[in-house]
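Structural overview for review
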Amino acid sequence: MDFFPFLVTQCLNALSQAALLFFLGVGLTLIFGIMRIVNFAHGSFYMLGAFIGYSVARGTGSFWAGLVLSPLIAGGFGTAFEIGLLRRLYRRDASAFLMVTFGLTLVLGEVVRLLWGVQGLQLQLPTALAGIVFLFDEPFPVYRLFLIGAGAVVAIAIWQFLERTRLGLLIRATSQNAEMVQALGVDVNLVRSGIFGVGCGLAALGGVLAAPMVTASLGMAANAIVDAFVIVIIGGMGSFPGSLCAALLVAFVQVFGTYYFPDFAIAAMYLLMLLVLVIRPGGLLGKEA
Amino acid sequence: MGNWRLFFLAAIVLAAAPLGLPLFAMTLLTEALILGLLAMSLDLMVGYTRMISFGHAAAYGLGAYTCGFLALHTAMPLPFSLLAAALLAGVVAIGVGWVCTMATGISFSMLTLAFAQLLYALAFKWTSVTGASDGLAGIPRRAGPFGMTVLETRNGYYYLVLASMLGGFALCRSLVNSPFGAVLRGIRENEAKTLSLGYNTRLYKISVVTISFALGGLAGALYAPFAGFANTDLLFWLFSGQVLIMVIVGGQGTLVGPILGAAFFMLVEHVLSAYTDAWALFFGLIFIGFVMFALEGIWRILTSRLPARSRA
């Protein structure tokens, strides 16, 4: 294989991987940045998204229905969890959230196992996305191109939403000083519930999008949560552009690391994280910790 | 000295346990004591210094793999293998502590998680030492030095575990009641203030990580010959979370509490799994309940009903 086509396909691979990691990390970083909550159950929502997406797609016969409905259902569940439990903990220190959401991780893992079983489930792609295209005479899956597109669209949408809309302004204000926003007559609790739901929904969206490639399985949550934390920590906790940069960085390290040093690929991500933290303890774009 | 009286009473009851308990209960109790030692070691960090480590499985796994490797590949007597495992965990912890204490709060938790995952990844890849995904199997219970074959028996091993646990408890207890422990509590309540009083808090934090890992490593080292295997599950983050559950449910910052928490965990797992295979579901709910409504934990709930004299 020539070097140039190889480089192009590997870069596209890395970009599609980055899109998946971005979906995983951005919800977590939004939730942390605005609510100061470390959502340990984030990986479980990712997994839940994949399974719900699978069932909806089977039930309706449409991948697109699963793609749209699954994040909404998972997001709704996240909002309900925030209203039911997390809201009572705002006076406590941050570790209480970590522990409650860890408990939720156990519960969701079992619920998924009881409802869907331990077998991995393969989400079928619609024919429009299932094929391959030839780039410089090298075959490349259409679905990976779709992932890159979806990642770009969502990233731009979130960015525009936070920067350009009134609601985005309120959300950024809440992350700066929630009490002041409350005093201005905004229902901060509503903003928080919404953000928690949106964050969980984004994780679920990542789950549905990943399902056709990795099969929906119980192991998804365990791997996803660690990946998500790595992205958020490298990028800087609570930084939206940081999570985007981190997703790209980690994806490129993973893809090229797997190619050149297959034995160390699994450790590369953690080493990268330690390296970033030693140089910048707050993460690439975070505030100094 | 109501506390020490209670300590000796508990020691005598536990020492007499093999006389009255059936075999399966002894197995459960042995494992509960091993996990109790692990949870207690984590309590030094979580309860006394407010360093919420999410990677304590690293200490346990390190100890288990070290002891298992020594038992399989050398003729080292068991007590020396245990010490070697604890020592190795402690030495690794100096490095882990040095890096992780660069951060505080949630970032510290995440760093410890990353370290444990790094070891987890390493255990998968370093096949010649760790046996990769199969782990180490058939780890023998080696006799002690001078032909102490008693350690190979079930009850003999129980006494070894009990002695380690009680020794660990006495050590932790003295530690938290010493000036060193006072500085740890100072860090827990207000690190900036403790620092301004002239204490090198970073050094204290690295020390407590080291001690905590060494004891956790000892627990892991005890587990490997007890179970006869060591695998990557022992290093996985889920296990770290479970140990943290034991500490919180039992009562952080009490030393006794986490031991009870570990026993409670074992008991709940055992009882629930007899009725339902979804025991983790109920355990998750119980844990959420404890964090929401009873953060003081089992031990403080129990002792608050006793006369004030014997309170911890």
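Heads up: the structure comes first, above all this text.
All of the points below concern the structure found in this document. Counting of residues starts from 1 at the beginning of each chain's written sequence and follows it residue by residue. Starting at A for chains and at 1 for ligands, labels are handed out in the order in which the entities are written. The model is predicted, so local features are restricted to residues of pLDDT at least 70 and side-chain atom pairs to those at 80 or more, both for listing and for counting; the totals for chains, interfaces and linings are taken over all residues.

1. Topic: the overall build of chain A
Every helix listed is a DSSP run of H or I at least four residues long, and every strand listed is a run of E at least two residues long, numbered separately from the N terminus. A count of helices and strands for chain A gives 12 helices and two strands. Ordering the α and β elements of chain A from the N terminus gives α-α-α-α-α-β-β-α-α-α-α-α-α-α. Within these notes, the globule rule equals 2.2 Å times the number of residues to the 0.38 power, and the radius of gyration is based on C-alpha atoms. Rg of the C-alpha trace for chain A: 19 Å, near the compact-globule value of 19 Å for 289 residues, within the 12% margin. Buried residues in chain A amount to 49% of all 289 residues. Within chain A, counting contacts between residues at least 6 apart in sequence, those at least 24 apart form 75% of the total. In this scheme every C-beta is placed from the backbone, and a residue whose C-beta has 20 or more other C-beta atoms within 10 Å is buried, one with 12 or fewer is exposed, and one in between is partly exposed. Placing a C-beta atom from the backbone of each residue, one calls two residues in contact when those atoms lie within 7 Å.

2. Observations regarding the overall build of chain B
Within chain B, the secondary structure is distributed over 14 helices and two strands. A compact globule built from 312 residues would reach a C-alpha radius of gyration of about 20 Å, and chain B, at 19 Å, matches this within 12%. A total of 312 residues make up chain B; the buried ones form 50% of that total.

3. Quick word on the packing of helix α7 (residues 154–177) of chain B against helix α10 (residues 201–227) of chain B
In helix packing, the relevant descriptors are the interaxial angle and the interaxial distance, both defined with respect to the helix axes. All names here are of chain B. Angles here are taken between N-to-C directions and fall from 0 to 180 degrees, while the axes themselves are lines fitted to C-alpha atoms, restricted in helices to the stretch in contact. Running from N to C, α7 and α10 point in directions that differ by 175 degrees, and their axes come no closer than 11 Å. The angle between α7 and α10 places the two elements in the roughly antiparallel class. Between α7, through Tyr157, Val161, Ser164 and Gly168, and α10, the contact on the second element is made entirely by Leu215, Leu218, Leu222 and Phe226. Taken together, the residues that form the contact of α7 with α10 break down as six nonpolar, two polar and no charged. Working rule for angles: under 35 degrees goes down as roughly parallel, over 145 as roughly antiparallel, 65 to 115 as roughly perpendicular, anything else as oblique. We call Asp, Glu, Lys and Arg charged. Ala, Val, Leu, Ile, Met, Phe, Trp, Tyr, Cys and Pro are nonpolar, and the rest, Gly among them, are polar.

4. Quick look at the interface of chain B and chain A
Each partner contributes to the interface: chain B provides 33 residues, whereas chain A provides 33 residues. Counting only elements with at least two residues in the side of chain B that touches chain A, the list comes to α5 (105–125), α11 (237–250) and α13 (279–293) of chain B. The element that contributes the greatest number of residues to the side of chain B that touches chain A is α5(B), accounting for 14 residues.

In short, shape yes, function no, at least from these values alone.
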